[in-house]
Amino acid sequence: QVQLVQSGGGLVQAGGSLRLSCAASGGTFSRYTMGWFRQAPGKEREFVATISGNGGATIYADSVKGRSTISRDNAKNTVYLQMNSLSPEDTAVYYCAADLRWVIRNYNYWGQGTQVTVSS
């Protein structure tokens, strides 16, 4: 069973960039599909991006495509989400997630969440 611990996040001005990290332990990291999700106040949690176990495949939500990059370092058991050109609409609690299946929803394992606030 994998445990996920997130870091990064915080307050950033519109147009700025931020990188989120998610460190995994307790499992064979390269076997897990890793995803990022976010939940804004008053809204449902939504998919942001996912990456396959070997990093060879990625999927992005339309809302972040072209300005965000999901990546992973299997030697460090860590997945990253680099976000650029941030806007206040990106303000949310961001969660990383892991699953042994290649999925974009219904992940089995979740990080604790980290707040990202984008000021205008």
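As shown above, the structure is provided for reference.
Here is a short report on the structure shown in this document. (Residues numbered from 1 in each chain as written. Predicted model: local features only at pLDDT ≥ 70, side-chain atom pairs only at ≥ 80, totals over all residues. Heavy atoms only, no water.)

## What to know about the packing of aromatic side chains
We count it as follows: Only rings of Phe, Tyr and Trp enter the pairing, Trp through its six-membered ring, and a pair is recorded when the two centres are within 6.5 Å. The plane angle decides the type: under 30 degrees is stacked, over 60 is edge-to-face, the rest tilted. Per the convention used, a helix needs a DSSP run of H or I reaching at least four residues, while a strand needs a run of E reaching at least two, with both numbered from the N terminus. We count a charge as sitting over a ring when the NZ of a lysine or the CZ of an arginine lies within 6 Å of the ring centre and within 35 degrees of the ring normal.
One pass over the structure, following the stated rule, counts six aromatic pairs. Taking the centre distance of 6.4 Å and the plane angle of 80 degrees together, the rings of tyrosine 95 and tryptophan 110 count as edge-to-face. Of the two residues, tyrosine 95 is situated in strand β9 (residues 92-99) and tryptophan 110 in strand β10 (residues 109-110); the sequence distance between them amounts to 15 residues. Through successive ring pairs, a cluster of aromatic residues spans Phe37, Phe47, Tyr95, Tyr107 and Trp110. One cation-aromatic arrangement involves arginine 45 over tryptophan 110; the distance from NZ or CZ to the ring centre is 3.8 Å. Lying across the ring of phenylalanine 29, arginine 72 places its NZ or CZ 4.3 Å from the centre.

## Notes on the environment of threonine 33
Here is the rule we go by: In protein, a polar contact requires one atom able to donate a hydrogen and another able to accept it; more generally it is a pair of N or O atoms within 3.5 Å, and residues adjacent in sequence count only if both atoms are side-chain atoms.
Along the chain, threonine 33 turns up in strand β4 (residues 33-39). A sequence separation of 74 residues divides threonine 33 from tyrosine 107, and the C-alpha atoms of the two residues are 9.0 Å apart. Engagement of the side chain of threonine 33 in a polar contact is seen with the backbone oxygen of arginine 101, the distance being 2.8 Å.

## Details of the sheet that holds strand β7 (residues 68-73)
What counts here: Being paired, for any two strands, means DSSP has found at least two bridges between them. Axis geometry follows a simple rule: fit a line to the C-alpha atoms, using only the stretch in contact for helices, then measure angles between N-to-C directions, giving values from 0 to 180 degrees.
Read from one edge to the other, the open sheet built from four strands follows the order β1-β3-β8-β7, with strand pairing classed as antiparallel. The open sheet terminates on both sides in strands that have one partner only, identified here as β1 (3-7) and β7. The mean inter-strand angle of the sheet, taken between neighbouring strand axes irrespective of direction, is 20 degrees. Relative to strand β3 (residues 18-25), β1 runs antiparallel, the two being bridged by five bridges. Counterpart to valine 5 in the pairing with β3 is alanine 23.

## A few points about the pattern of salt bridges
To keep it simple, the criterion reads: Just to be clear on terms, a salt bridge is a Lys or Arg side-chain nitrogen sitting within 4 Å of an Asp or Glu carboxyl oxygen. For the exposure calls, accessible area comes from a 1.4 Å probe over protein chains only, and a residue counts as buried if that area is under 20% of its type's maximum, exposed if over 50%, partly exposed in between.
Applying the stated criterion across every chain yields a total of five salt bridges. Its salt-bridge partner being lysine 65, residue aspartate 62 comes within 3.2 Å of it at the nearest N-O pair. Look at aspartate 62 and you get exposed, because its relative accessible area is 66%. For the salt bridge of arginine 67 with aspartate 90, the shortest nitrogen-to-oxygen distance reads 2.7 Å. Of this pair, arginine 67 sits in the loop between β6 (58-60) and β7 while aspartate 90 sits in the loop between β8 (78-83) and β9, and the two are 23 residues apart along the sequence. Among the charged side chains, a salt-bridge network with shared partners connects Arg38, Glu46, Arg67 and Asp90.

## Quick look at the side chain of serine 21
Note the threshold: Any two residues having at least one pair of non-hydrogen atoms within 4.5 Å are treated as being in contact.
Note that serine 21 resides in strand β3. For serine 21, a relative accessible area of 13% puts it in the buried group. Among residues more than four places away in sequence, those in contact with serine 21 are Val5, Gln6, Ser7, Trp36, Thr78, Val79 and Tyr80.

## What about the pairing of strand β5 (residues 46-51)?
Most of β5 is tucked away: five of the six residues are buried. Hairpin remark: β4 followed by β5, antiparallel, with six residues in the connecting loop; positive phi at glycine 42, about 75 degrees. As paired elements, β5 and β6 share three bridges and run antiparallel to each other. Each residue of the ladder has a partner; that of alanine 49, found in β6, is tyrosine 60. Once β5 ends, the chain turns through six residues before running back antiparallel as β6, passing glycine 55 with a positive phi of about 80 degrees.

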